[in-house]
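# Chain and residue survey
Listed below, chain by chain, are the residues.
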Amino acid sequence: MRLNWQLYMLLALPLSFFIIFRYGSMYGVIIAFKEYNIFQGVMKSPWSGLDTFRQIFAMDNFWNSLKNTFLLNFLDLIVSFPAPILLALNLNELRLSLFKRFAQTVLYLPHFISWVIIGGIVYQVFATNNGFLNEMLGALGIGPIPFLTNPGTWLITYLLVGVWQSAGWGTIIYLAAITSINPELYEAAAMDGATRIRRMWNITLPGIAPTIILMLIIKVGDIVQIGFDRPYVLGNASVGDTSRVLSTFVYQLGMTSGQFSMAAAVGLFQSVVGLVFLFGANALARRWTGRGIF
Amino acid sequence: MNLNDQSVAAQATIRVFMIIAIFLCLAPFVHIFALSLSSNSAILSGKVSLLPVDFNLSAYKQVLGDASMIRSLLYSIVLTVSYTLFALLMTIAAAFPLSKDKLKGRKQMMVLIIVTMFFSGGPIPEYMLVKELGLTNTMWSLILPILINPFFLMIMITFFRAIPTALLEASEMDGAGHLRSLLQIVLPMSLPVLATIGLFYAVGRWNGFMDSLYYITDPKQFPIQLKLYQIVQNSMTNDTTITEGTQYIKILPESIKSASIMLATAPILLVYPWLQRYFIAGSQVGAVKE
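Keep in mind it's a predicted model, so treat the numbers as computed, not measured.

## Quick word on the overall build of chain A
Each helix and strand counted, chain A has 15 helices and 0 strands in total. For 294 residues, the compact-globule formula gives about 19 Å, and the C-alpha radius of gyration of chain A, at 24 Å, lies well above that figure. In terms of overall dimensions, chain A has C-alpha extents of about 75 × 75 × 35 Å along its principal axes. Out of the 294 residues belonging to chain A, those deemed buried represent 38%.

## Remarks on the overall build of chain B
The helix and strand inventory of chain B stands at 13 helices and 2 strands. Considering chain B as a whole, with its 290 residues, one finds that 37% of them fall into the buried category.

## A short note on the nonpolar core
Core analysis: the biggest nonpolar cluster contains 129 residues, and A264(A), V266(A), A95(B), M156(B) and L228(B) have the highest contact counts within it. Residue contributions to this core peak at 12 residues, all from helix α4 (residues 67-98) of chain B. The contact partners of A264(A), leaving out residues within four places of it in the chain, are V29(A), I31(A), A32(A), G122(B), I124(B) and P125(B).

## Points about the domain arrangement of chain B
A common way to report how large an interface is uses the accessible area buried once the components associate. All names here are of chain B. On domain assignment, one finds that chain B holds domain 1 (2-56) and domain 2 (61-285). Sorting the residues of the side of domain 1 that touches domain 2 by element identifies α1 (2-36) and α2 (40-44) as the ones contributing at least two each. For the side of domain 1 that touches domain 2, the leading source of residues is α1, giving 4 residues. The residue makeup of the side of domain 1 that touches domain 2, split by class, is 4 nonpolar, 3 polar and no charged.

## Overview of helix α10 (residues 183-191) of chain A
Buried residues are scarce in α10(A), accounting for 0 of its 9 residues. Following α10(A) by one or two positions, G193(A) adopts a phi angle in the positive range, close to 80°.

## With respect to the environment of W206(B)
All names here are of chain B. Position of W206 among the secondary structure elements: in helix α10 (residues 191-207). On a C-alpha basis, the gap between W206 and I224 in space is 8.0 Å, while along the polypeptide they are 18 residues apart. W206 has contacts with S76, T80, P267 and I268, leaving out every residue within four places of it along the chain.

## As for the packing of helix α5 (residues 82-93) of chain A against helix α11 (residues 196-221) of chain A
Residues and elements named next belong to chain A. Between α5 and α11, the shortest axis-to-axis distance is 11 Å and the interhelical angle comes to 130°. Between α5 and α11, the crossing angle belongs to the class labelled oblique. Relative to α11, α5 is oriented so that their crossing is right-handed. The residues of α11 that touch α5, namely those facing I85, L89, N92 and E93, are R196, M200, T204 and I212. Broken down by class, the residue content of the contact of α5 with α11 amounts to 4 nonpolar, 2 polar and 2 charged.

## A short note on the packing of α11(A) against helix α15 (residues 260-289) of chain A
Residues and elements named next belong to chain A. With their axes 8 Å apart at the nearest point, α11 and α15 run at an angle of 160° to one another. The orientation of α11 with respect to α15, classified from their angle, is roughly antiparallel. As for how α11 packs across α15, the hand of that crossing is right-handed. Taking contact as the criterion, the partners of P210, I213, L214, I217, I218, V220 and G221 in α11 are, on α15, F277, L278, A281, N282, L284, A285, W288 and T289. In terms of residue class, the contact of α11 with α15 is made up of 12 nonpolar, 3 polar and no charged.

## Regarding the environment of A32(A)
All names here are of chain A. Structurally, A32 can be placed in the loop between α1 (4-27) and α2 (41-44). The sequence separation of A32 and F260 amounts to 228 residues, and the corresponding C-alpha distance is 8.0 Å. Once you skip the residues sitting within four places of it in the chain, A32 turns out to touch T52, S261, A264, A265 and L268.

## So, the interface of chain A and chain B
Contacts between chain A and chain B engage 67 residues on the former and 73 residues on the latter. Per element, the largest residue contribution to the side of chain A that touches chain B is 14 residues, and it comes from α1(A). Of the residues contributing to the side of chain A that touches chain B, the split by class is 43 nonpolar, 18 polar and 6 charged.

## Quick word on unusual backbone geometry
For N130(A), which is not glycine, the phi torsion reads 75° and is therefore positive. Counting through the fold element by element, N130(A) comes out in the loop between α7 (115-125) and α8 (132-139).

## What to know about the environment of L185(A)
Here L185(A) shows up in helix α10. Between the C-alpha atom of L185(A) and that of H111(A), which follows or precedes it by 74 residues, the distance is 33 Å.

## Points about the confidence of the model for chain B
Low pLDDT means the predicted atomic positions in that stretch should not be read closely. Residue and element names in this part refer to chain B. Looking at chain B, pLDDT values average 86 and 87% of them are 70 or higher. Highest mean pLDDT in chain B belongs to helix α11 (residues 210-215) (97); lowest belongs to strand β1 (residues 242-244) (41). Taken as a whole, residues 237-250 scores under 50 in pLDDT and shows 13 contacts with residues more than four places along the chain or in a different chain. Note on residues 286-290: pLDDT under 50 across the span, and 9 contacts to partners over four residues away in sequence or across chains. Reported confidences for the modelled complex are a pTM of 0.89 and an ipTM of 0.90.

## A short note on the confidence of the model for chain A
When pLDDT is averaged along chain A, the result is 91; 99% of the residues meet or exceed 70. The secondary-structure element of chain A with the lowest mean pLDDT is α2(A), recorded at 80, while helix α4 (residues 60-80) of chain A shows the highest, at 96.

So, how was this worked out
Residues numbered from 1 in each chain as written. Chains lettered and ligands numbered in written order. Predicted model: local features only at pLDDT ≥ 70, side-chain atom pairs only at ≥ 80, totals over all residues. Helix = DSSP H or I, 4+ residues; strand = E, 2+ residues; numbered from the N terminus. Rg over C-alpha atoms; globule rule 2.2 N^0.38 Å. Buried ≥ 20, exposed ≤ 12 C-beta atoms within 10 Å, placed from the backbone. Core = buried A, V, L, I, M, F, W, Y, C linked by C-beta atoms within 7 Å. Contact = placed C-beta atoms within 7 Å. Domains from an automatic or database assignment. Nonpolar A, V, L, I, M, F, W, Y, C, P; charged D, E, K, R; others polar. Axes fitted to C-alpha atoms, helices over the stretch in contact; angles between N-to-C directions. Parallel < 35°, antiparallel > 145°, perpendicular 65-115°, else oblique. Left-handed = near helix turned anticlockwise from the far one by under 90°. pLDDT = per-residue confidence, 0-100.

So this is what it looks like as structure tokens:
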């Protein structure tokens, strides 16, 4: 127990960080129940009970952003979820280790590129006039297709860019799961004359099934959570009713319109619904896989 | 024999599939790189695909001659280096004591931290806190609110706990304090995990955008992502002029936009191949979030 003061001294700054910044901002949530006024500050602004929530529940844009959050996340789940599994199965079958390493290096790269940069690239590649993709399609006599300005096609662009960004990095967890499959299973299957495809289907896929189920549950638990950067950077005025999600709506309401109380209320709503989904998903995971997410 | 043929065919199919995947991954970068090195007339006539047409460096000369761009690049470099340093130091300072079972109050402190992994005030209360502390439009607003990532902290605690206590007790027997055993034993043994977490902090800070959009309004303090966002936005407001401060800047040619994108990506592209093993190591240490 000697010299424990050194340990507490080390903890002083980190704990202050958590208390000031993490808990301090939780305290600020009370403005969702107040009529926030810049001049009076958080403390002195008058209480307004649940009025703010009544106001946001009466806003069309709130319901629109909630619907879009679910819609984009749900479609993302359908489109983006299988991609890393497919890639991992194929990566695992590559026999040339140099080629495999090169493929992994390249496929992981998009994960490390910021959404602002991806947005910049997307606006060049998918542009209706002069965009790379439309030039290529034009050469085949197709288009031009308004990838970024029509709600339907924008949605497809949004989803495809998501696959591009996340599929490679997503393979890591599945590749790790594959390495834990007993190699004797493959040897036995080879003896029985099973083809590569059959081994993939009958051994590898069932071997990683628990991981797949766990990842799926985690994604479902996160269905109300949506990053800010991707919809904000890829969105634009012509697809506003499709690209508006909770995170961008909070920004617009708070920072552009100055409705701090309402924006904080939307944020709080999202946090609480998010927690419900997270704990629900955790209970599901316990039930189906025998272990929770956390 | 038949089986062997099948296997060769399967291997070929898989390779073709992977080559297509690799091409799709890289093509956008190659295209933007080609645009950045081409003349505007070639770009507007749609001649540029994956190779530069009318090769020239004028876009880079113009971008690097733009003081606001250089300022944003430098600002982001200083920000990323300072943030990574502070964040790593603070994460170590928290992880080391919390890795000791005997520490009184350890459990309560862990609960205090874990709660923040599930619930946060949200962006607006965070903005108001940063504003009331007078941090808006300072570099501190992009450092302090995200000083310790609790997920990385948990990874580091797990790593520290795996260090045999016998090693630490031996050094403490010699009369050395906790600080000495941290500096002389724990840290030298933890270099891989420190490198991994440091890299994730650095990449996250370099790529971070949302907090600067909330907290920074002074163009002199724009990190590179915010600056780049402004440039990208420009492509959606064609044929107009945009005011930036007192300066009027004309609509930016595609080659300039592409060169700016390449410059903002360059640090990641340069560092990435060498440090990739740390990235992957990190993702396997635990569930690394973003």
